[in-house]
Amino acid sequence: MPELLGYKINKQPLESIDFSTIKIINTINPHSYCTAKKDTVFMEALKNSDILLPDGIGIVWAERVLNGNSIKKIAGFDIFMFLMRNLNEKSGSCFFLGASEETLKKIEEKVKVDFPNIKVHSYSPPYKPEFSKADSELMCDNVNAVKPNVLFVGMTAPKQEKWVHLNKKQLFADNICSIGAVFDFYAGNVKRSSPFWIALGLEWLPRFLNEPRRLAKRNLVSTPLFILEVIKHKFLKL
């Protein structure tokens, strides 16, 4: 089957993608797949991505089992660093939408050191389960005032992907990338798993051990359900 459980997963390395023609960049993992089955707007957002990256060893495994393809896991942090390096080479601009003012300040200070050629802007939206029309208009206005080359959205999934999907026609940015926890990783609020665990395909394990209650549903519920889904499609053709 050409698609993975109904999703067009990117199979190219980041270096081979022409980002000049890309608009919406999202990631998918077993938990977001299971969440989207119960959330039609989230599902639409993922399926309408211009690029949907395999952010999870479970997606890599499923692609191999269902389609016989060997693909590489591309985490949100990977696409973030790739785009930032490109922007730095081109003296481009980026916009961080999401997180607290404190976190955004940390990000801006770190970007100045790591990527001195990038013009960086940010806006901290109100903390709400859902944004009002006025909230969204203000968020779009802040982004459109600078028309960044890349808009990074970090408001956790599925909130961020759904917001982008519903507001993409009002946003003026060359690329829009939802990267969730990357804001906290880059700011230093949360420590990312070491390269050792990442290389083993177990990036999730240290995070789960550090925050078992918060990540229990993701790792103990969604992952088994996703495995079952793949098995059903492979052997039962359901």
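What counts and what doesn't
Residues numbered from 1 in each chain as written. Predicted model: local features only at pLDDT ≥ 70, side-chain atom pairs only at ≥ 80, totals over all residues. Heavy atoms only, no water. Helix = DSSP H or I, 4+ residues; strand = E, 2+ residues; numbered from the N terminus. Rg over C-alpha atoms; globule rule 2.2 N^0.38 Å. Buried < 20%, exposed > 50% of the residue type's maximum accessible area, 1.4 Å probe, protein only. Contact = heavy atoms within 4.5 Å. Areas by Shrake-Rupley, 256 points an atom, 1.4 Å probe, with all protein chains shown as cover. Lys, Arg positive; Asp, Glu negative; His and termini not counted. Charge placed at Lys NZ, Arg CZ, Asp CG, Glu CD. 1 Å grid on protein atoms, 1.4 Å probe; cavity = no way out; pocket = protein on both sides within 12 Å on 5 of 7 lines; lining within 4 Å. Points joined across faces, edges and corners; volume = space filled by probe spheres on them. Nonpolar A, V, L, I, M, F, W, Y, C, P; charged D, E, K, R; others polar. Arc of directions from axis to C-beta. Polar contact = N/O pair within 3.5 Å; in protein donor to acceptor, adjacent residues only side chain to side chain.

> Account for the overall build of the chain, with residues named and values stated.
From N to C terminus, the chain includes eleven helices and six strands. Relative to a compact globule of 238 residues, whose C-alpha radius of gyration would be 18 Å, the chain shows 18 Å and is just as compact. Oriented by its inertia axes, the alpha-carbon framework of the chain measures out at about 50 × 40 × 40 Å. For the chain, buried positions account for 49% of its 238 residues. In the chain, the share of contacts with a sequence separation of at least 24, taken over all contacts with a separation of at least 6, comes to 74%. With the model as given, the accessible surface of the chain reaches about 12,500 Å², and the carbon-plus-sulfur share is 56%. Counting 33 positive and 25 negative side-chain charges, the chain places the averaged centre of each group 5 Å from the other.

> Describe in detail empty space enclosed by the protein, supporting the description with residues and values.
Scanning the entire structure with this criterion turns up one cavity of 30 Å³ or more. If you add up the space inside the largest cavity, you get close to 40 Å³. If you go around the largest cavity, the residues you meet are Ile24, Asn26, Ala45, Asn48, Ser49, Glu161, Val164, His165 and Lys168. When residues of the lining of the largest cavity are traced back to their parent elements, those giving at least two are β1 (24-28) and α7 (159-167). Broken down by element, the lining of the largest cavity gets its largest block of residues, three residues, from α7. Here the lining of the largest cavity is composed, by residue class, of three nonpolar, four polar and two charged.

> How would you explain helix α2 (residues 40-47) if you had to name every residue and give the values?
Every α-helix winds through 3.6 residues per turn, so residues three or four apart in the chain are directed the same way. Along α2, the residues that are buried comprise Phe42, Ala45 and Leu46. What you see down the axis of α2 is that its buried residues fit within an arc of 95°, all on one side. Close packing links the buried residues of α2 with β1, α1 (30-36), β2 (51-54) and α7. You can read the cap of α2 off the contacts: a side-chain oxygen lies 3.2 Å from the backbone nitrogen of Val41, and it is on Asp39.

> Let's hear about the environment of Asn48: which residues, and what values?
Tracing the chain through its elements places Asn48 in the loop between α2 and β2. We classify Asn48 as partly exposed; its relative accessible area is 42%. Each C-alpha atom of the pair Asn48 and Lys105 lies 32 Å from the other, and the pair is 57 residues apart in sequence. In this structure, Asn48 is in contact with His165 and Lys168, ignoring residues within four places of it in sequence.

Remember, this is a structural readout, not a statement about activity or role.
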